[in-house]
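Results of the structural survey
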Amino acid sequence: MNEDATVVENKSQQNNPNHLPVINARCYVAGKKIASENILEVRSPYDQRLVGTVALANASHAEQAIEAALKGGQKLTRYDRFSILDKARQLLIERRDEFAKIISAESGLAIREAIYETGRAHDVLMFAAMESLKDDGQIFSCDISPQGKARKIFTTRDPLSLALCITPFNHPLNQVAHKIAPAIAVGTPVILKPSEKTPLTAIKFTELLYDAGLPHYMLSVLLGPTNEIAEPLVKDPRVEIVSFTGSVPVGKRISTVAGYKKVILELGGNDPIIILEDADIDTAVHLAAEGSYRNSGQRCTAVKRILIHENIKDTFIEKFVAKSKTYTCGDPSDPATVVGTVIDEASAIYLESVVNRAIEQGAKILLGGKRTGALMEPTVITDVPRNADMVVHESFGPLAPILSFKNIDDAIALSNSTAYGLSSGIITNNMQHAIRFIKELKVGTVNINEVPGYRIESSPFGGIKDSGLGVKEGVIEAMKCFTFVKTFSMPW
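Anyway, here's the lowdown on the structure attached to this text. The structure displayed is predicted, hence computed values, not measured ones. (Residues numbered from 1 in each chain as written. Predicted model: local features only at pLDDT ≥ 70, side-chain atom pairs only at ≥ 80, totals over all residues. Heavy atoms only, no water.)

1. As for the sheet that holds strand E25 (residues 483-491)
Rules: For two strands to be treated as a pair, DSSP must find no fewer than two bridges joining them. Counting from the N terminus, the helices are DSSP H or I runs at least four residues long and the strands are E runs at least two residues long. Here, axes are lines fitted to C-alpha atoms. For helices the fit covers the stretch in contact, and angles between N-to-C directions go from 0 to 180 degrees.
Across the sheet, 3 strands lie side by side as E7-E8-E25; this open sheet has antiparallel pairing. Two strands lie at the open edges of the sheet, namely strand E7 (139-141) and E25, each paired on one side alone. Within this sheet the neighbouring strands show an average axis-to-axis angle of 25°, counted without direction. Here strand E8 (residues 151-159) runs beside E25; their pairing, made up of 9 bridges, is antiparallel. Bridge pairing in E25 links Arg151 to Pro491.

In structure tokens:
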């Protein structure tokens, strides 16, 4: 078993038993810890205590990681891949509490959310293990037309030589698992470049996969200067696929500099929950609150806009404000906390400014709106103009702007009015109305009587417009992306 990252005594441990000792971590090149004097400090967004440090990589480490992956090693059978992923699943169960504490400490997420995230990552590993045993090869008979012959064409999938996976700060475990596990399932080596804001979870997960028996050439994890790590790796022709989740500007830059290779982009969303006049109000209130505040609102599929039929707006608002008061905001390590911090104080300041600009345009705060450091209270805001920043652009935090619409035509036009097209939730008991939204909303997913973010880890996931290129992720679709289809024919 690999030794965990070295730990040193943390004085704050004496004050809060939920705090882990400080983690001294290093990047890995094909299983080998790097040596570096360039150190990144990772601090809690909540109280700025030192959570850990990371010894950063440089350009030579990136080159070594490429060479190790391409040199390869033990070729993994389907059963080998299944066994590694299933063992990793079991280890994650055993280490759940430790992972949850790291996630909460470095990201500021409420510990209950961090525990939930370990469950999602477990499911990713489970589904990837299951899918690794399956073969989706096809057989085509060729004697089916006047031009045909007595032959058969067969298809098989081969892994790509090398993948670069770049992950964001939100869901620091599950985002990483969603990229690495499908790659392992098909036998594609990965260089992982996680967010500098939440690197400790990614490194810890890398160690877990090594412990589960993953050959070291299959995975390296690197953090360092963009011009030495991320940019050269994105451009390198030996990297056959770049899978990126993050901001629109960075994603679009990757698409322009990556060159001739596969590119998967998941670039966020501005997802509405649309509540029709016939909706069950209690259901709508519950889903709107869960969608707006879970994970501190830092999900690409979080509810960013609440669109409600004007005839039921007042009734909804009264119940929604009462419900929102139950989402307590505070110390992420406290099990009673429902909403922790956003990723850093700068992000909270930005959210505060978005709220203030909406107020200047005539919006009204009904609840919250206050910021303390990186803590942003769950905020209910109504009478929001349709051209307000929090409506037009993605607000990555626990904000719940409410806008009313007159009819279905108006709701569809309002939903489609932004540059994003990731997901949506429709609250209605009318099947005809539901089908119309499914057909006319310009998004990758439409969920009926559910939050925009609902899915299982193996189902297709992805957006269009500024939310992505229409290429789906999710375990099964990602496995397809990390492979290419080879055809061969034989006389038969």
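Still more ground to cover, so stick around.
2. Structural notes on the environment of Val234
The criterion, for reference: Whether two residues are in contact is decided by their heavy atoms, any of which lying within 4.5 Å being enough.
Among the structural elements, Val234 can be located in helix H7 (residues 230-235). For the pair Val234 and Ala413, spaced 179 residues apart in sequence, the C-alpha separation works out to 37 Å. Those residues in contact with Val234 that lie beyond four places of it in its chain are Leu164, Ile166, Val242, Ile254, Val257, Ala258 and Lys261.

3. Observations concerning the pattern of salt bridges
What counts is decided by this rule: By definition, a salt bridge exists where a carboxyl oxygen of Asp or Glu is found within 4 Å of a side-chain nitrogen of Lys or Arg. The rule is simple: take the accessible area with a 1.4 Å probe, protein chains only, and divide by the maximum for that residue type; under 20% is buried, over 50% is exposed, in between is partly exposed.
Across all of its chains, the model carries 32 salt bridges by this definition. One salt bridge connects Asp211 with Arg95, and the closest N-O pair in it is separated by 3.2 Å. Linking Asp211 in helix H6 (residues 199-211) with Arg95 in the loop between helix H2 (78-94) and helix H3 (96-107), this pair joins segments that are 116 residues apart in sequence. One salt bridge in this structure joins Asp389 and Arg357, with 2.8 Å as the shortest N-O distance. You can see Asp389 sitting in helix H12 (residues 389-392) and its partner Arg357 sitting in helix H11 (residues 345-360), a full 32 residues away along the chain. For Asp389, a relative accessible area of 26% gives the class partly exposed. Where salt bridges share partners, they join Glu63, Asp236 and Arg238 into one cluster.

4. A few points about the state of the cysteines
Working definition of a disulfide: a covalent bond connecting the sulfur atoms of two cysteines. Going by this rule: Put simply, a disulfide is two cysteine sulfurs that come within 2.5 Å.
Within this structure, the stated rule accounts for 0 disulfides. Free cysteine Cys300: the closest other cysteine sulfur is in Cys481, separated by 16 Å.

5. A word on the packing of aromatic side chains
Heads up, the rule is: Any two rings among Phe, Tyr and Trp, with Trp reduced to its six-membered ring, count as a pair given centres within 6.5 Å; such a pair is stacked if its planes are under 30 degrees apart, edge-to-face if over 60, and tilted if neither. Geometrically, a lysine NZ or arginine CZ counts as sitting over a ring once it is within 6 Å of the ring centre and also within 35 degrees of the ring normal.
Applying the stated criterion across every chain yields a total of 7 aromatic pairs. When the ring of Phe169 is compared with that of Phe396, the centres are 6.0 Å apart and the planes differ by 85°; the resulting orientation is edge-to-face. One end of the pair, Phe169, is in the loop between strand E9 (163-166) and helix H5 (174-186); the other, Phe396, is in the loop between H12 and strand E20 (399-405), with 227 residues separating them in the sequence. An angle of 25° between the planes, with centres 6.2 Å apart, marks the rings of Tyr293 and Phe320 as stacked. On the criterion of sequence distance, the pair formed by Tyr293 in helix H9 (residues 281-293) and Phe320 in helix H10 (residues 313-324) is long-range, its members being 27 residues apart. Exposure class is identical for Tyr293 and Phe320. Each is buried. What links up through ring pairs into an aromatic cluster is the set Tyr293, Phe316, Phe320 and Tyr327. The ring centre of Tyr116 lies 5.0 Å from the NZ or CZ of Arg294, which sits over that ring.

6. Thoughts on helix H13 (residues 408-415)
The element H13 is largely enclosed, with a buried count of 6 among its 8 residues. Those residues of H13 that are buried are in contact with strand E14 (272-275), strand E15 (305-309), E20 and helix H14 (431-440).

7. Quick notes on the layout of surface pockets
Keep this limit in mind: In this analysis, the protein atoms alone were mapped onto a 1 Å grid. Cavities are point sets where a 1.4 Å probe fits without being able to get out; pockets are open sets with protein on both sides within 12 Å along at least five of seven lines; lining residues have an atom within 4 Å of a point. Grid points are joined across faces, edges and corners, and a volume is the space filled by probe spheres set on the points. Under the convention adopted here, Pro, Cys and the residues Ala, Val, Leu, Ile, Met, Phe, Trp and Tyr are nonpolar, Asp, Glu, Lys and Arg are charged, and Gly plus all remaining residues are polar.
Size it by volume and the largest pocket reaches roughly 960 Å³. Together, 37 residues line the largest pocket, and Pro168, Phe244, Gly246, Ser247 and Val250 are the ones closest to its centre. For the lining of the largest pocket, the elements supplying multiple residues, two or more each, are H7, strand E12 (241-245), helix H8 (248-257) and H11. The element best represented in the lining of the largest pocket is H8, accounting for 6 residues. Across the lining of the largest pocket, the residue classes tally to 18 nonpolar, 12 polar and 7 charged.

8. Observations concerning the pairing of strand E22 (residues 423-427)
Every other side chain in a regular strand lies on the same face of the sheet, so the side chains alternate between the two faces. For the record, the criterion: With the strands aimed away from the viewer, a crossover counts as right-handed if its path from the first strand over the helix to the second runs clockwise.
With 5 of its 5 residues buried, E22 lies for the most part within the structure. Across the two faces of E22 the burial is the same, with Ser423, Gly425 and Ile427 and Ser424 and Ile426 all buried. Judged from the 4 bridges that link them, E22 and strand E23 (residues 445-448) form a sheet pairing that is parallel. Each residue of the ladder has a partner; that of Ile426, found in E23, is Ile448. Handedness of the β-α-β unit built from E22, H14 and E23 comes out right-handed.

9. Looking at the packing of H2 against helix H4 (residues 111-132)
The criterion, for reference: Note on terminology: angles under 35 degrees are roughly parallel, angles over 145 are roughly antiparallel, angles of 65 to 115 are roughly perpendicular, and the others are oblique. Note: crossing handedness is left-handed where the near helix turns anticlockwise from the far helix by less than a right angle, and right-handed where it turns clockwise.
With their axes 8 Å apart at the nearest point, H2 and H4 run at an angle of 165° to one another. Comparing the axis directions of H2 and H4 gives the class roughly antiparallel. Between H2 and H4 the crossing geometry is left-handed. Contacts between H2 and H4 involve Arg78, Arg81, Phe82, Leu85, Asp86, Ala88, Arg89, Leu92 and Ile93 from the first element and Thr118, Ala121, His122, Leu125, Met126, Ala128, Ala129, Met130 and Ser132 from the second. Looking at the contact of H2 with H4, its residues break down into 11 nonpolar, 3 polar and 4 charged.

These figures come from the coordinates and say nothing about function on their own.
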